[in-house]
Amino acid sequence: GLPDEEREELLELADPMWRRSWHLMRDNALTRGGGWARMWDEGVGDLIERRRGWFAAERAALTSRP
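It should be emphasised that the depicted structure is a prediction, and the values quoted were computed from it without experimental measurement.

**Q** Go over the overall build of the protein chain with me, naming the residues and quoting the values.
**A** Tallying secondary structure elements over the protein chain gives three helices and zero strands in all. For the protein chain, the N- to C-terminal ordering of α and β elements is α-α-α. A globule of 66 residues ought to have a C-alpha radius of gyration of about 11 Å, yet the protein chain, at 15 Å, is considerably larger. Along the first, second and third principal axes, the C-alpha set of the protein chain runs to 45 × 15 × 15 Å. Per-residue burial over the protein chain gives 23% buried out of 66 residues. Nonlocal contacts in the protein chain, meaning residues at least 24 apart in sequence, comprise 62% of its contacts between residues at least 6 apart.

Printed below as a string of structure tokens:
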């Protein structure tokens, strides 16, 4: 229900947020260990990348009006 301009602004933020999340998770796993390392070892980085891939594939559909 967002106006077109606001919808595009929101979608512009999504990819950088996923990239930031991936880097933060990796860095925390390497430097802090513990639960961060466990989550990383269990594939959270891959999950973030899959979501980013889905977003890239579906972005056109997300920008179009129903």
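**Q** Pulling in residues and values, what's your account of the packing of helix α1 (residues 4-31) against helix α3 (residues 44-63)?
**A** Running from amino to carboxyl end, α1 crosses α3 at an angle of 170 degrees, the nearest separation of the two axes being 9 Å. The angle between the axes of α1 and α3 places the two elements in the roughly antiparallel class. Contacts between α1 and α3 involve Arg7, Glu8, Leu11, Glu12, Ala14, Asp15, Trp18, Arg19, Ser21, Trp22 and Met25 from the first element and Val44, Gly45, Ile48, Glu49, Arg51, Arg52, Phe55, Arg59, Leu62 and Thr63 from the second. Among the residues forming the contact of α1 with α3, the class breakdown is nine nonpolar, three polar and nine charged.

Parameters at a glance
- Chains are numbered independently. Their residues run from 1 in the order of the written sequence.
- The predicted origin of the model limits local features to residues at a pLDDT of at least 70 and limits the giving and counting of side-chain atom pairs to 80 or more, whereas totals for whole chains, interfaces and linings rest on all residues.
- Calculated side-chain values reflect all of the structure's heavy atoms, with hydrogen atoms and water omitted.
- Put simply, DSSP marks the helices as runs of H or I at least four residues long and the strands as runs of E at least two long, and each gets a number from the N terminus on.
- This radius of gyration counts C-alpha atoms alone. The globule rule is 2.2 Å times how many residues there are, raised to the power 0.38.
- Partly exposed describes any residue whose relative accessible area lies between the buried limit of under 20% and the exposed limit of over 50%, with all areas from a 1.4 Å probe on protein chains only and scaled to the type maximum.
- Contacts: residue pairs with any heavy atoms within 4.5 Å of one another.
- Every axis in this analysis is a line fitted to C-alpha atoms, fitted for helices over the stretch in contact. Angles between the N-to-C directions lie between 0 and 180 degrees.
- Put simply, angles under 35 degrees are roughly parallel, angles over 145 are roughly antiparallel, angles from 65 to 115 are roughly perpendicular, and the rest are oblique.
- Charged residues are taken to be Asp, Glu, Lys and Arg, nonpolar residues to be Ala, Val, Leu, Ile, Met, Phe, Trp, Tyr, Cys and Pro, and polar residues to be all remaining types, Gly included.

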